[in-house]
Amino acid sequence: MRISRITVWQLDLPLSEPYFLSGGRLRFDRLDSTIVRIDTDDGLSGWGEACPWGHTYLPAHGPGVRAGLNILAPAVIGLDPRSLDHLNAVMDVTLPGHGYVKSAIDMACWDIYGKAADMPLWQCLGGAMATPVAINSSISTGTPEEMLALIRKASADGYKVHSAKIGGTDIALDIARIDAISSALPADESVTFDVNRAWQPAAAVQVLNAVASRDWVEQPCETLDQCAHVADRVPQPIMLDECMLGFQDHIDAWKRNACNGVKVKPNRLGGLTRARQVRDFGVSVGWQMHVEDVGGSALADTAAIHLAASTPDANRLASWLCHYHLAIDPTAGQGARNTDGFATPPSIPGLGVTPDPDIIGDPVATYETSV
Ligand code: MG
């Protein structure tokens with residue numbers, strides 16, 4: 001089986017409401033998604049999506065996905081999409097770095113791999129069953145009252161796990177946010193306070209030693225060094241996210257005892273193949289993980305939920321669904337959706353999601369085997 005054609009679509013994904021991170025420092029109104037279909041010479045096709053969260057969140061941006069595909073697509077045409085490690089090695093030689101570009105190709109090849117094997121992705125990735133995965137809400141930064149209102153709305157939608165976005169220059173306000181949310185949560189709900197790099201190390205140590213909460217705190221500062229400094233000086237378990245760009249970062253974090261868990265995001269790490277490697281490392285060292293993607297429609301969400309569902313219960317905390325925040329749905333009714341706070345991956349062969357051609361429109365690029 002050989003890759004014979006790669007077709008690329010650009011899709012604007014407007015958010016239902018503006019979204020604020022990092023104490024309001026970062027605002028998001030729409031996402032720029034790239035959807036890819038890979039066709040093979042024996043008739044199987046696979047779908048992938050790469051959707052950075054805007055261009056200010058990570059060193060990744062929507063137009064960069066299409067520019068990178070222009071380099072990578074010709075290099076992978078003619079390869080067997082089921083030889084995923086080889087395919088990733090070819091991509092790494094062709095374009096070092098730029099994992100967020102590679103994730104779309106890698107995801108589409110996993111879809112083909114599952115269809116060829118006649119197995120759903122959760123099984124291809126090592127899972128025993130289509131485990132329902134706990135879903136966490138994502139609570140935009142605001143005043144304590146605004147954030148509590150969003151948490152109550154999410155609770156009504158079935159969410160029992162919340163990710164509350166905090167962090168800013170006003171230390172007293174962050175202490176107030178943490179204290180208000182922690183004390184108001186019902187006993188059967190939990191929260192992670194996601195700082196999204198907003199604190200300087202001294203502020204992180206000050207805030208986290210002033211609050212009563214012993215909930216998870218995520219990415220308190222910009223760099224791994226700064227987060228390791230904080231982890232050594234606060235009582236809360238630390239989750240790392242944005243500073244983890246490659247496998248080496250995970251080894252470094254583990255050696256330095258800088259965290260108790262990580263966010264495993266295929267688009268940040270370079271695709272499902274790289275995300276699976278990180279997941280397996282995390283299981284080996286006893287980390288607890290959130291497996292979810294950086295952004296995108298239910299296509300990208302579902303790929304991540306397959307990986308989450310194949311992760312041992314003891315190592316899996318919860319997953320976030322980006323499509324919950326979008327005003328459009330190019331894969332209506334398909335894939336992993338929130339049902340009473342849980343999402344279950346499809347059990348049909350492959351990824352189990354096919355975008356609606358009427359919504360994704362005309363492709364922006366097509367790459368084909370030259371005859
Ligand atoms: Mg985060």
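Residues numbered from 1 in each chain as written. Predicted model: local features only at pLDDT ≥ 70, side-chain atom pairs only at ≥ 80, totals over all residues. Heavy atoms only, no water.

1. Some thoughts on the environment of Ile360
Reasoning step 1: Tracing the sequence through the fold places Ile360 in helix H13 (residues 357-360).
Reasoning step 2: A residue is classified by how much of its surface remains accessible, and Ile360, at 5% relative accessible area, is buried.
Reasoning step 3: In this structure, the C-alpha to C-alpha distance between Ile360 and Asp188, residues 172 residues apart in sequence, is 40 Å.
Reasoning step 4: Beyond its immediate stretch of four places on either side in the chain, Ile360 contacts Trp9, Leu11, Ile35, Trp47, Pro330 and Pro355. (Helix = DSSP H or I, 4+ residues; strand = E, 2+ residues; numbered from the N terminus. Buried < 20%, exposed > 50% of the residue type's maximum accessible area, 1.4 Å probe, protein only. Contact = heavy atoms within 4.5 Å.)

2. Here we look at empty space enclosed by the protein
Reasoning step 1: One pass over the structure, following the stated rule, counts one cavity of 30 Å³ or more.
Reasoning step 2: In this model, the largest cavity occupies a volume close to 160 Å³.
Reasoning step 3: Residue lining of the largest cavity: 17 residues in total, with Tyr57, Ser138, Lys165, Lys265 and Trp320 positioned closest to the centre.
Reasoning step 4: Secondary structure elements with two or more residues in the lining of the largest cavity: strand E1 (3-21), strand E4 (133-139) and strand E5 (161-165).
Reasoning step 5: In this structure, the lining of the largest cavity is formed jointly by two domains, domain 1 (3-117 + 357-368) and domain 2 (123-343), each of which donates at least three residues. (1 Å grid on protein atoms, 1.4 Å probe; cavity = no way out; pocket = protein on both sides within 12 Å on 5 of 7 lines; lining within 4 Å. Points joined across faces, edges and corners; volume = space filled by probe spheres on them. Domains from an automatic or database assignment.)

3. As for the coordination of the magnesium ion
Reasoning step 1: At 2.1 to 2.3 Å from the magnesium ion lie its protein donor atoms, namely Asp194 (OD), Glu218 (OE) and Asp241 (OD).
Reasoning step 2: Between the donor residues of the magnesium ion, the gaps in sequence give the motif D-x23-E-x22-D. Taken together, the residues Glu218 in strand E7 (residues 216-218) and Asp241 in the loop between strand E8 (238-240) and helix H9 (247-255) connect sequence positions 23 residues apart.
Reasoning step 3: For Asp241, a relative accessible area of 0% corresponds to the buried category. (Donors = N, O, S within 2.8 Å, 3.2 Å for Na, K, Ca; no water.)

4. So, the side chain of His162
Reasoning step 1: Along the chain, His162 turns up in strand E5.
Reasoning step 2: There is a polar contact of 2.7 Å between the side chain of His162 and the side chain of Glu189.
Reasoning step 3: Residues contacting His162, with those up to four places away along its chain left out, are Asn136, Ser137, Ile139, Ile151, Ala154, Ser155, Leu185, Glu189, Ser190, Val191 and Thr192. (Polar contact = N/O pair within 3.5 Å; in protein donor to acceptor, adjacent residues only side chain to side chain.)

5. Thoughts on the domain arrangement of the protein chain
Reasoning step 1: Per the domain assignment, the segments of the protein chain are domain 1 (3-117 + 357-368) and domain 2 (123-343).
Reasoning step 2: Each of domain 1 and domain 2 has a C-alpha centre, and these two points are 23 Å apart.
Reasoning step 3: Counting residues at the interface gives 42 residues for domain 1 and 44 residues for domain 2.
Reasoning step 4: With both sides pooled, the region where domain 1 packs onto domain 2 buries about 3,300 Å², and carbon together with sulfur makes up 60% of that total.
Reasoning step 5: Our count for the domain 1 to domain 2 interface comes out at one salt bridge.
Reasoning step 6: The tally of links from domain 1 across to domain 2 stands at 15 residue pairs in polar contact (both at pLDDT 80 or more).
Reasoning step 7: Elements that contribute at least two residues to the side of domain 1 that touches domain 2 include exactly E1, strand E2 (26-40), strand E3 (45-50), helix H2 (84-94), helix H3 (99-117) and H13. (Buried area = accessible area lost by both parts, 1.4 Å probe. Salt bridge = Lys/Arg side-chain N within 4 Å of Asp/Glu carboxyl O.)

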